Every structure is written in structure tokens, then in C-alpha cells.
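Here's the letter readout for the chains.
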Amino acid sequence: MKIPKRLEPLVQEGLIDAVLGSLKSGKEAAVYVVRAEGVIRCAKVYKAVDQRGFHKQSLYREGRQVRSSRQARAMAKGSRYGRQEQEDVWQNTEVDALYRLAAAGVRVPQPVNFIDGVLLMELITDADGEAAPRLNDLELAPEQARAYHASLIADVVKMLCIGLIHGDLSEFNILVDAHGPVIIDLPQAVDAAANNHAPWMLKRDVANLAAYFGQFAPELLTTSYGEEIWHLYEHGHLTPEISLTGHFKGQHRTVDLDGLLHEIHDADAEEMRRRQLAQDSDPLDAESVSQ
Ligand SMILES: Nc1ncnc2c1ncn2[C@@H]1O[C@H](COP(=O)(O)OP(=O)(O)OP(=O)(O)O)[C@@H](O)[C@H]1O
Ligand SMILES: [Mg+2]
């Protein structure tokens, strides 16, 4: 296929030998299959700031480390430079999370390189070597659903043990290869210790898993792994090897009102942006996806 503009520098530098196809152009990024130094890999090209939804970003950003007070001031002001800095933090969060998670034994694509806003990583494949399907595309037998659910819960626990929460975990951000589920798409990953919204984000991630796998194995619908995991984490008892019951007898569940209000406000703002964008012409893919 024709080389997309954003991949040209990497081709010129010899980091990519050939662009073999376009996998998907999502909200946040365009994803390509490439050959890089002789190996078939995946290249995730982040979309420019103004082409992306900023849905709920402030929630995820809370507690994130920035490099300098200058960067923090620029980000707070929302200047052009500040927006670029925010963008860098967003992309770096994903790269950083992938390296940390791979090292902690969580099933994620192994990152290879990150240059000019392009993340080169392992291509997750199916048994035929084709790009792996998303969990959402599969019909599962009950035993399979239970096994995948258990493996993902174990990954969520390992993640939290190194202080991270996915923050957007669902059947759409999980691929399935011959060995089982692989978690992807982490630019919004949340620092569990520094973000006040961490508890409900963790519980929502886990609830999404129960709801999805519960379609195939209904007994999962009444589990409360999220509450159990967070309780253990909060009390310093969570370890990667811990065995969970799936049930939690907490006294009360507190509602994070502040987080809820944020969500409502951000969803409104996002909807307005969408309407505005729909009025303008769509500049999204002018550069890419020509075969
Ligand atoms: N390492 C990978 N191996 C195989 N396929 C991948 C890989 N990374 C991403 N993909 C494919 O590209 C799609 C988009 O990737 P990702 O979810 O990271 O980006 P996104 O822009 O956030 O997409 P979306 O808006 O759909 O969530 C995935 O659903 C998956 O099909
Ligand atoms: Mg995604």
C-alpha cells in the first residue's frame, strides 16, 4: 500500500521496511501492519490532538507525573504548546505502561520502539498469522469464557500490583490469540495511588469484564471481583499470586459523586464537540488508508 505520511520518516530511517496494510483507523489512532527490520509488526500512529476526542481526559490525567513546572503550567493554560505537551504525556503513558506491564508478566503487545508519535509493537496474531480478533468478535463456550475471565482478572491484579489501572478495559480493547486474551490500548492508564477516581475506574474495568463474559457464563454476573481487589489493594494485601473468591462483603458502597459529575460534564462537552466536528468537513484520514 501507499506509505502513510506519518510513517514516511520511519521508512526513510530504515526502521520500517514496508507498510503491508491498514488494520484500523479508530478514534485515537490509525493502526498499520508493517515489516520492521524483517519482522511483521504493528504500528500505532496517534492522531493529532484536535482530531481526537478529549472525552474524560481530565479524569485520567489526575496525578500524572509531568517533567517540569513549565510543562505543567503550559498544560494547565491549554496553549498550543501546552496541548502538544499533553499529547506527549498521553502517548508516553501508553508506551510506558506497555513496557511496565510486559515486564510484570501481563499479556500486552511487547513494545519495540516509539518514534515521532509512532508506536512500533508486537503484532498480536491468530493461529494463521493474521491480526488477532478482538474479544468482542468472538462467540465463547462457557468454559472458555470462564478461563478468559480468570486470566484477565489475574492480569488486572498484576497491573494493580505495579500501581496501574487500565481505565478503559472492555471487550473492545482485548485481543485474543492462541494463548488467550491480550490487553491493548493504554494511553489513558491511571496511576492507582495518585488518582482519586482510581477506585471506581478499577471497579468499572472489572465490571465490564463480568458483564461481557457473563453473557456466556451467567454466574459471573453476580461476582464482585472489583470490590474485592480494591479492598485488598487499599489494605496492602494485594499480591500477584493472591487467590480471590469473587465475592466481597463490604458494609457500604460509597458513590464517587465527584467522579460521576465529571463524567456527565465531559460527556456533554464531548457531544457538543462531536456536533461541531460533524458540521466541519472530516480531515481525519486525508493522509492515510489508501491502498
Ligand atoms: N498489537 C496489536 N496487534 C494486533 N492488532 C492490534 C494491535 N494494536 C491494535 N490493534 C488493532 O487496532 C485496533 C485499534 O487499536 P487501539 O484500540 O489501540 O486504538 P484506538 O485508536 O484507541 O482504537 P479504538 O478507538 O477503537 O479504541 C484494535 O482494536 C485492534 O484491532
Ligand atoms: Mg481501542
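This text follows the structure it describes.
Source: prediction; values computed, not measured.

What counts, and where the lines are drawn
Residues numbered from 1 in each chain as written. Chains lettered and ligands numbered in written order. Predicted model: local features only at pLDDT ≥ 70, side-chain atom pairs only at ≥ 80, totals over all residues. Heavy atoms only, no water. Donors = N, O, S within 2.8 Å, 3.2 Å for Na, K, Ca; no water. Helix = DSSP H or I, 4+ residues; strand = E, 2+ residues; numbered from the N terminus. Buried < 20%, exposed > 50% of the residue type's maximum accessible area, 1.4 Å probe, protein only. Phe/Tyr/Trp six-rings, centres within 6.5 Å; stacked < 30°, edge-to-face > 60°. 1 Å grid on protein atoms, 1.4 Å probe; cavity = no way out; pocket = protein on both sides within 12 Å on 5 of 7 lines; lining within 4 Å. Points joined across faces, edges and corners; volume = space filled by probe spheres on them. Nonpolar A, V, L, I, M, F, W, Y, C, P; charged D, E, K, R; others polar. Expected span 1.5 Å × (residues − 1). Pairing = 2+ DSSP bridges. Axes fitted to C-alpha atoms, helices over the stretch in contact; angles between N-to-C directions. Near = heavy atom within 4 Å. Polar contact = N/O pair within 3.5 Å; in protein donor to acceptor, adjacent residues only side chain to side chain. Areas by Shrake-Rupley, 256 points an atom, 1.4 Å probe, with all protein chains shown as cover.

(A) Structural view of the coordination of the magnesium ion (ligand 2). Within the protein, Asn-173 (OD1) and Asp-185 (OD) serve as the donor atoms for the magnesium ion (ligand 2), at 2.1 to 2.2 Å. Placement of Asn-173 in the loop between strand S6 (164-165) and strand S7 (174-177) and of Asp-185 in the loop between strand S8 (180-183) and strand S9 (190-191) is noted, with a sequence separation of 12 residues between them. For the pair Asn-173 and Asp-185, a shared accessibility class is recorded, and that class is buried.

(B) The packing of aromatic side chains, seen in detail. Tallied over the entire structure, the rule returns four aromatic pairs. Ring plane angle 90 degrees and centroid distance 6.4 Å describe the contact between Tyr-46 and Phe-114, whose orientation is recorded as edge-to-face. Here Tyr-46, found in strand S3 (residues 39-46), pairs with Phe-114, found in strand S4 (residues 111-115); they are 68 residues apart in sequence, far enough to count as distant. Residue class for Phe-114 comes out partly exposed when judged on its relative accessible area of 26%. For the ring pair Tyr-212 and Phe-216, a centre distance of 5.6 Å and an interplane angle of 70 degrees mean the geometry is edge-to-face. Like Phe-216, Tyr-212 is buried. The rings of Tyr-212, Phe-213 and Phe-216 are connected pair by pair, giving a single aromatic cluster.

(C) Examining empty space enclosed by the protein more closely. If you walk through the whole model with that rule in mind, you get one cavity of 30 Å³ or more. Approximately 30 Å³ is the volume found for the largest cavity. Those elements giving two or more residues to the lining of the largest cavity turn out to be helix H5 (142-161), S6 and helix H6 (198-214). Among the residues forming the lining of the largest cavity, the class breakdown is six nonpolar, one polar and one charged.

(D) Representation of H5 within the structure. An ideal rise of 1.5 Å per residue puts 28 Å on 20 residues; H5 measures up with 29 Å between its terminal C-alpha atoms. Within the sequence span of H5, burial applies to Ala-145, Tyr-148, His-149, Leu-152, Ile-153, Asp-155, Val-156, Val-157, Met-159 and Leu-160. Gly-163 sits one or two residues past H5 and shows a positive phi near 85 degrees.

(E) Up close: the sheet that holds S4. Strand order across the open sheet formed by five strands is S1-S2-S3-S5-S4, with antiparallel pairing between neighbours. With one partner strand each, in any of the chains shown, strand S1 (18-25) and S4 form the two edges of the open sheet. Strand-to-strand twist across the sheet, computed as the mean angle between neighbouring axes with direction ignored, equals 25 degrees.

(F) Looking closely at the site of ligand 1. Close contacts around ligand 1 come from 19 residues, with Lys-24, Lys-44, Glu-122, Ile-124 and Asp-185 the closest. Lys-44 has a polar side-chain atom sitting 2.7 Å from an oxygen atom of ligand 1. At 2.9 Å from a nitrogen atom of ligand 1 is found a main-chain nitrogen or oxygen belonging to Glu-122. Isolated, ligand 1 exposes 600 Å² of accessible area, and the fraction of that covered by the protein chains is 94%. Of all the elements in the fold, those that place two or more residues in the shell around ligand 1 are S1, strand S2 (29-36), S3 and strand S5 (118-122).

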